[in-house]
Structure formats: structure tokens, C-alpha cells
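As a plain string of letters, each chain reads:
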Amino acid sequence: NASFEALTVETLPGRLGALAALTDHLGDDVSAWRVREVGDGNLNLVFIVEGSTGSVVVKQALPYVRLVGESWPLPLKRSFFEYHALIRQEARAGKGTVPAVLHFDEAQALIVMEYLTPHIILRKELIAGRELPRIGVDLGLFVARTLFRGSDLHMAARDRKADLALFADNVELCDITENLVFTDPYFEAKLNHYTPALEPLVAELRADRDLKVEAQRLKHLFAANAETLLHGDLHTGSVMVTDTDTRVIDPEFAFYGPMAFDVGMMLANFWMSYFSQSGHEQDGSRESMRAYLLETITSIWAVFRTEFSRLWRSERSGMLYARSLFEDRGDPLGAEQALDRVLHDIWQDLLGFAGVECHRRILGLAHNADFETIEDEAKRAVCEAKALRFGRHIAVNRRAIHSIEEVNAFAALIEKG
Ligand code: SR1
Ligand code: MG
């Protein structure tokens with residue numbers, strides 16, 4: 001294997017032109033390939049390659065954080081974890097839930113995959129005020145199936161432990177989350193930035209002992225509870241959509257962690273979208289969009305619970321909550337009681353993860369376009385302040401909040417001001 005070299009628009013056809021995985025899709029006439037670099041994420045290069053017979057995406061990791069530059073090295077092996085996560089997610093959530101992988105080159109840290117078109121990044125659609133009809137169901141199913149089927153509730157213990165070991169080396173990407181999500185927002189970390197008008201609220205949050213303790217308890221849970229294979233960065237920028245199709249992309253942060261992390265991060269990004277809508281109202285009211293977002297949040301959680309419960313009853317083949325203790329002894333109610341406890345723990349933890357995710361996207365290094373695209377700084381600060389207060393409430397009071405309706409009612413209350 002040749003040593004790693006970053007691709008460019010110019011070198012890509014020459015370097016990948018002999019690969020059947022590409023020529024099968026694009027056609028043999030490499031000179032006719034059109035290549036565009038479209039990566040706008042924080043970490044990687046992404047190329048769209050179009051040929052006479054089709055198109056593909058080539059995603060290549062860089063040996064550093066693209067958002068920051070070469071001063072922040074980041075291992076190429078994240079591409080290996082992304083590849084292995086994509087394969088597992090497709091097997092667990094079903095074909096057509098993630099982009100199909102066509103080729104993986106470990107040394108070049110590149111994955112060739114299906115080009116999703118006319119798909120758009122979900123976050124962009126939400127900023128534009130588009131109400132996608134399928135995402136509540138599709139995302140609820142995706143998280144339930146990947147989280148359940150990657151855990152000791154379903155997998156054979158040996159297989160799950162082998163996967164735990166495989167993903168255990170994704171240390172540097174976990175380290176990003178451990179610092180950026182759970183710690184940096186709560187002190188003057190070097191790369192933090194935020195809208196200046198938030199300063200008094202930032203000071204209040206950083207002096208909030210209950211919040212800081214809760215954030216560290218959540219970090220403890222994130223680092224120590226290797227429960228299932230997580231996507232690890234499941235926000236609305238990691239989902240591509242049309243009205244009829246939903247695909248989850250970019251699982252390079254995949255590792256074994258707590259189930260509630262993926263669900264909490266996902267819901268947080270919908271709540272942040274909710275609080276950002278008033279900043280995008282110059283072209284008309286977003287009242288209907290706000291209602292749609294709360295309905296979608298309710299739907300993701302309801303679908304997650306229903307599907308997780310279905311899998312619990314039909315696919316609980318792992319070593320946890322063994323059937324031999326419950327159903328096989330004529331005690332199906334015991335299994336239901338245990339399910340209730342497991343869902344209850346996921347619920348309380350997801351609120352915590354959602355709360356700190358709201359904070360880090362406003363106070364930390366990596367911000368959300370939902371707020372960043374609000375040009376009027378005063379308006380942006382109003383939206384962000386609501387999300388910060390919301391995040392604090394759900395993180396600190398997570399054990400005393402009992403339903404998604406209660407959280408959404410609180411969000412609506414904050415939104416009204
Ligand atoms: C330095 S990476 C910053 C963020 O980008 C990724 O998408 C993750 O969300 C990470 O926290
Ligand atoms: Mg990403």
C-alpha cells in the first residue's frame with residue numbers, strides 16, 4: 001500500500017481510475033470524470049465524482065482537523081472506524097438507511113460510497129423551513145435498531161466484546177467529544193467562541209456548580225458505559241434527506257458508549273433548530289415549522305420507544321435480562337418491568353446529553369449553522385440564550401422530568417419569553 005497522500009480534484013482520476021469500484025459506477029473513460037470537492041464539514045475531504053454512467057462520493061480523512069488546521073493532528077484511522085460503523089449500521093438498521101459503501105482503502109483513509117442525490121443535509125432543510133415528512137419515523141427506527149442490535153441485549157457476548165475491542169482505539173475522536181461537549185463550554189477553553197451579547201449568561205453558566213457537576217457525571221457515563229456501538233456524532237448535519245428517503249452519514253466518531261448519547265444528541269439538534277427558527281423569520285412566520293419540530297421530536301422518541309420495545313420482546317438474544325429468568329419461567333411481566341427500567345434510564349440520560357449538546361454548539365468550538373446563519377447578532381443572541389437556558393434546565397433537572405411533552409412544553413414556554 002502506498003503511503004497516505006491527500007487527494008485533489010486534479011489527482012483523483014489518475015489515482016483511482018483503475019479501481020473497479022469506481023469504473024463500474026462511473027464508466028471506463030476516466031478522462032470524462034468530473035470531480036468536485038464539496039466537503040464543508042469540520043474534518044475531512046469529500047469529493048463528488050461524476051462519470052458517463054453514474055456518480056460516487058469519495059471521502060478521505062486528513063491527518064489533521066480541517067476546521068482548525070495542521071496544528072491539530074488527528075489520526076487517519078477514523079476512516080477505518082467510519083467504514084466499520086457504516087457496515088454495521090446497514091446490517092442493523094437496514095439497506096438504504098446509510099450510504100452504500102463501494103470501496104475502502106485503509107492506507108489512503110478513503111471510502112468510496114454511494115452519491116446520495118437529490119438529498120440535502122437535514123440541517124440545511126430545517127434552516128430553510130422545510131418540513132420533511134419522514135424523519136421522525138426514520139430516525140426513531142434508526143436509533144432503536146442500531147443501539148439495540150449493537151448491544152449485549154442482542155449480540156452474542158463474544159461478538160460484542162470483539163467489536164468493543166475493535167472500536168476501543170477510536171481514542172482521539174472520543175477525546176474530541178470528551179473535551180468539546182462535556183468540559184470546554186464550562187470554562188475559558190482556548191478555542192471556544194460565542195456571540196458577545198451572551199457574556200453575562202456565559203458567566204452565569206460557568207458559575208453554575210450544579211450544571212458543571214452534572215456535565216461531568218454525563219462525561220463519566222459517556223466514557224465508562226460501553227453499552228452499544230454509537231454513531232457518536234448524530235446531529236442534523238449527519239443526516240441527508242429527501243421527502244421520501246432518510247440516510248444517516250458520517251459515523252467516524254463511532255465507539256461503544258451509552259445508548260442515550262445518540263438519542264440525546266439528535267434531539268438536542270432538533271430543539272436547537274426550534275430555538276433558531278425566529279432568527280430565520282424574515283421570509284415569513286415559522287410558527288408551523290416550530291410546531292413541526294416539536295412533533296418530530298415527539299415522534300422520534302415515541303418511535304424509538306416502540307421499536308426498542310418490539311426488539312426487546314422479539315430479539316433479546318444477548319446475555320442481558322435473559323429470557324430464562326423471565327419469559328421462559330412464565331414471567332413476561334418481569335421482562336416488561338426490566339424494559340421499563342432500561343427505557344427510563346435512557347430517558348433521564350438523554351436529557352442530560354441533549355442539554356450539554358445545546359451548550360457546546362453555542363459556547364464551544366464547533367457551532368451549528370442553525371444559529372450561525374442568523375446574521376443579525378442581536379437576534380442570534382436571543383435565540384442562543386433560549387437554547388442555553390433550555391439546555392441547563394434539562395441537564396440539571398433530568399431526573400425530575402417525566403415526558404417528552406413536558407420538555408416540549410418547557411421549550412415552548414422559553415420560546416415565548
Ligand atoms: C474538531 S471537530 C468538532 C466537531 O465536529 C464534528 O462534527 C463533531 O461534532 C465534533 O465535535
Ligand atoms: Mg461529521
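The structure this text deals with has already been given above.
Treat the numbers as computed from the prediction; the structure is a model and nothing was measured.

The rules we used
Residues numbered from 1 in each chain as written. Chains lettered and ligands numbered in written order. Predicted model: local features only at pLDDT ≥ 70, side-chain atom pairs only at ≥ 80, totals over all residues. Heavy atoms only, no water. Salt bridge = Lys/Arg side-chain N within 4 Å of Asp/Glu carboxyl O. Helix = DSSP H or I, 4+ residues; strand = E, 2+ residues; numbered from the N terminus. Buried < 20%, exposed > 50% of the residue type's maximum accessible area, 1.4 Å probe, protein only. Contact = heavy atoms within 4.5 Å. 1 Å grid on protein atoms, 1.4 Å probe; cavity = no way out; pocket = protein on both sides within 12 Å on 5 of 7 lines; lining within 4 Å. Points joined across faces, edges and corners; volume = space filled by probe spheres on them. Nonpolar A, V, L, I, M, F, W, Y, C, P; charged D, E, K, R; others polar. Domains from an automatic or database assignment. Expected span 1.5 Å × (residues − 1). Near = heavy atom within 4 Å. Polar contact = N/O pair within 3.5 Å; in protein donor to acceptor, adjacent residues only side chain to side chain. Areas by Shrake-Rupley, 256 points an atom, 1.4 Å probe, with all protein chains shown as cover. Patch = residues over 30% accessible without salt bridge, like charges linked within 9 Å, V, L, I, M, F, W, Y side chains within 5 Å.

Draft legend 1. The arrangement of the pattern of salt bridges in detail. A full pass over the atoms with the stated rule returns 38 salt bridges. Measuring nitrogen to oxygen at the nearest pair gives 3.9 Å for the salt bridge that ties glutamate 214 to arginine 217. In this pair, glutamate 214 and arginine 217 both sit in helix α9 (residues 209-224), 3 residues apart, roughly one turn of the helix. Its relative accessible area of 6% is what places glutamate 214 among the buried residues. One continuous salt-bridge network, built from bridges that share partners, spans Lys59, Arg78, Glu82, Asp250 and Glu252.

Draft legend 2. Quick peek at the side chain of arginine 88. Inspection of the secondary structure puts arginine 88 in helix α3 (residues 78-93). Since its relative accessible area comes to 16%, arginine 88 is described here as buried. Beyond its immediate sequence surroundings of up to four residues, arginine 88 is in contact with Asp163, Leu166, Phe167 and Leu229.

Draft legend 3. Spatial organisation of the layout of surface pockets. Approximately 170 Å³ is the volume attributed to the second largest pocket. Contributing to the lining of the second largest pocket are Ala93, Gly96, Thr97, Arg134, Asp138, Leu141, Phe142, Arg145, Asp245, Thr246 and Val248. Mapped by element, the contributors of at least two residues to the lining of the second largest pocket are α5 (135-149) and β11 (246-248). Per element, the largest residue contribution to the lining of the second largest pocket is 4 residues, and it comes from α5. Looking at side-chain class alone, the lining of the second largest pocket contains 4 nonpolar, 3 polar and 4 charged residues. When we break the lining of the second largest pocket down by domain, the ones giving at least three residues each are domain 1 (12-114) and domain 2 (120-416).

Draft legend 4. Just α3, in detail. Here α3 is 16 residues long and its end C-alpha atoms lie 21 Å apart, about the 22 Å a rise of 1.5 Å per residue gives. A large share of α3 lies buried, amounting to 12 of its 16 residues. Residues Arg78, Ser79, Phe80, Phe81, Glu82, His84, Ala85, Leu86, Arg88, Gln89, Arg92 and Ala93 constitute the buried set of α3. One or two residues past the end of α3 sits glycine 94, with phi positive at roughly 110°.

Draft legend 5. A look at the site of ligand 1. Taken together, 13 residues surround ligand 1, and among them Asn42, Asp233, Phe253, Arg360 and Arg361 come closest. Between ligand 1 and the protein, one listed contact pairs an oxygen atom with a side-chain N or O atom of aspartate 233 at 2.7 Å. At a separation of 3.0 Å, an oxygen atom of ligand 1 approaches a polar side-chain atom of arginine 361. Isolated, ligand 1 exposes 310 Å² of accessible area, and the fraction of that covered by the protein chains is 94%. Secondary structure elements with two or more residues in the shell around ligand 1: α7 (171-182) and α12 (332-363). Considering only residue class, the shell around ligand 1 consists of 8 nonpolar, 2 polar and 3 charged. Built from parts of two domains, the shell around ligand 1 gets at least three residues from each of domain 1 (12-114) and domain 2 (120-416).

Draft legend 6. Focus on a nonpolar patch on the surface. Together, Met319, Leu320 and Tyr321 give the surface a local cluster of nonpolar side chains, amounting to about 260 Å² of exposed area. Within the fold, leucine 320 resides in the loop between α11 (287-314) and α12. Judged by its relative accessible area of 33%, leucine 320 is partly exposed.

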